[in-house]
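What follows is each chain in one-letter form.
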Amino acid sequence: MRMDAQKKNPYTVYGIQLTRNALKDDNKKMRDRKAKTEKQRLKIMFAVKINKSQFEYDVHSLVKAFYPEEMVKVLTPEMSSEKNKEWEENIRIEILLQDDGASVKVKNAAGEYIWRREEAESTYKNEFKKFLYKTLCDMTGKELPWGNLTGIRPTKIAMGLLEEGKTEEEIAAALQKEHFVSMEKADLSVEIAKREKELLSHIHYEEGYSLYIGIPFCPTTCLYCSFTSNHICKWRDRVEEYIDCLIKEMDFTKEAFAGKILDSVYIGGGTPTTLTAPQLDRLISALQERFDFSTVQEFTVEAGRADSITEDKLKVLAAHKVDRISVNPQTMKQDTLKLIGRQHTVEQVKEAFHLARKTGDFHINMDIILGLPGELEEDVENTIEEIKKLQPDSLTVHSLAIKRASRLALWIQENGVKTLHNTDETMKIASKGARDMGMHPYYLYRQKNMSGNFENVGYANEGGDGIYNILIMEEKQTIVALGAGSITKRVFPDGRIERCDNVKDVGLYMEKIEVPDLVICDVMMPVMDGL
């Protein structure tokens, strides 16, 4: 009887019914797959031993970029002796850091790679990264498009050099000489940095700020996703309570930033349009009642998934004068959509796009991902051709990033990384498609474990560059983030940046917000100092 009662009480999301039992089965399958993966883990470990606890992140990032199919682990003296012993047989590279240089020994190879530091050289870290990069190039016989850069914001280097008065040619040459960046990527960095510099000249750095509102709900969790997102079917009854908590954070932010200029507002997620039309209206009304929108240069709502976009929701966004929305296909190949857990069709993407065009005067962005499982050049070509027929105002081209916390990481363990096919050719297909639509690149960022070791690039028509996207990449202005799992970044006049992380768990976030000033004061106040 109890089992029957559960089956008769399904959660319904956009026509998809999920019973509690089905959700439990999914969780059990995930646990079983993780356990199986854990047993296989040590068999495929690529261990790198280093004699000092320095530069572990850079060592891991570079080695992983050259050996994307391997599970890389960096062993340091600070790790427990048991862990070091457990992984000892998997050591493939040993790095010996010394005051005057470093050496690299490779398993089953004669000799070693040696670097001796000269006093005239720059910082130890930069020169060590050069040495390690060239060593890995020699070991593998390949080079990386972004050279030895391991950070997510390569255009910040170009931007800094522009602000120093360097010419485009000098900046490109420096990127190639100091970081081994390819000529193509160096030119791309300079092109984007120039455009960002011009756009940001109209932003209020010290006296202004931007606002992010996080909606951590999604219809389903995509294969590649590790963001803070929660199935809306489990949280539908508590969405109003979540909005109540957002409004409390708005009230605090309004007081803390009184007298400051609000430049841009971004509602993201998750999928903000998992909210109903009345809920969207309530959220945005509360926002506009508390903040002065007369100074806002850009107001974005990341509509996102086609199966959550309806005419009544679009009418709400239009009524509140939202400037920018997104309709994100990720791919126009139906088999891939099914594989990655997107419960909509290619036709629904097109219908949602046309509906948005008809309903409001929106700037419409579309996102695609290169390197999705099983997709080849012809699939990317088809996706680009379908998007060209729609003529969006901007296009964001993502290279698939393999997140350890995503289901994709387990999928790769079972199917192999070679099923992810992202190449120079697929990147060129997307870039050419964007430029064929009259778009130019205007922002760029990278992520760890990106397929092909490439980048994410935003393209837009003239006058359509996204201010918020540039601000979050260049870290030139304070961005106050509200909602579960969101991260506030306070940018100080001297360039110092302090982060403030909100609680990720939705239930815990709401519980803590209910305690007067607990989260807001204890967590937010440190980044508010000096306002």
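On a predicted model such as this, the values are computed, not experimentally measured, just so you know.

What about the side chain of Q330?
- Turning to its location among the elements, Q330 is positioned in the loop between strand 13 (324-327) and helix 13 (334-339).
- In contact with Q330, other than residues within four places in its own chain, are Y224, R342, D367, I368, I369 and L372.

A closer look at the pairing of strand 3 (residues 45-50)
- Most of strand 3 is tucked away: 5 of the 6 residues are buried.
- Strand direction decides the pairing type here: strand 3 and strand 4 (residues 71-75), joined by 5 bridges, are parallel. Residue pairing across strands places F46 opposite V72, the latter belonging to strand 4.
- As defined by bridge partners, strand 3 adjoins strand 5 (residues 91-98) across 4 bridges and the pair is classed as parallel. Bridge pairing in strand 5 places A47 opposite I91.

Some remarks on the sheet that holds strand 5
- Ordered in space as 4-3-5-6-7, the 5 strands form an open sheet in which the pairing is mixed. One side of each edge strand has no neighbouring strand; the edge strands of this open sheet are strand 4 and strand 7 (113-116). With direction set aside, neighbouring strand axes in the sheet form an average angle of 15°.
- Direction of pairing for strand 6 (residues 101-106) relative to strand 7: antiparallel, over a ladder of 4 bridges. The residue of strand 7 that forms the bridge with S103 is I114.

Reading the values: the criteria
Residues numbered from 1 in each chain as written. Predicted model: local features only at pLDDT ≥ 70, side-chain atom pairs only at ≥ 80, totals over all residues. Heavy atoms only, no water. Helix = DSSP H or I, 4+ residues; strand = E, 2+ residues; numbered from the N terminus. Contact = heavy atoms within 4.5 Å. Buried < 20%, exposed > 50% of the residue type's maximum accessible area, 1.4 Å probe, protein only. Pairing = 2+ DSSP bridges. Axes fitted to C-alpha atoms, helices over the stretch in contact; angles between N-to-C directions.

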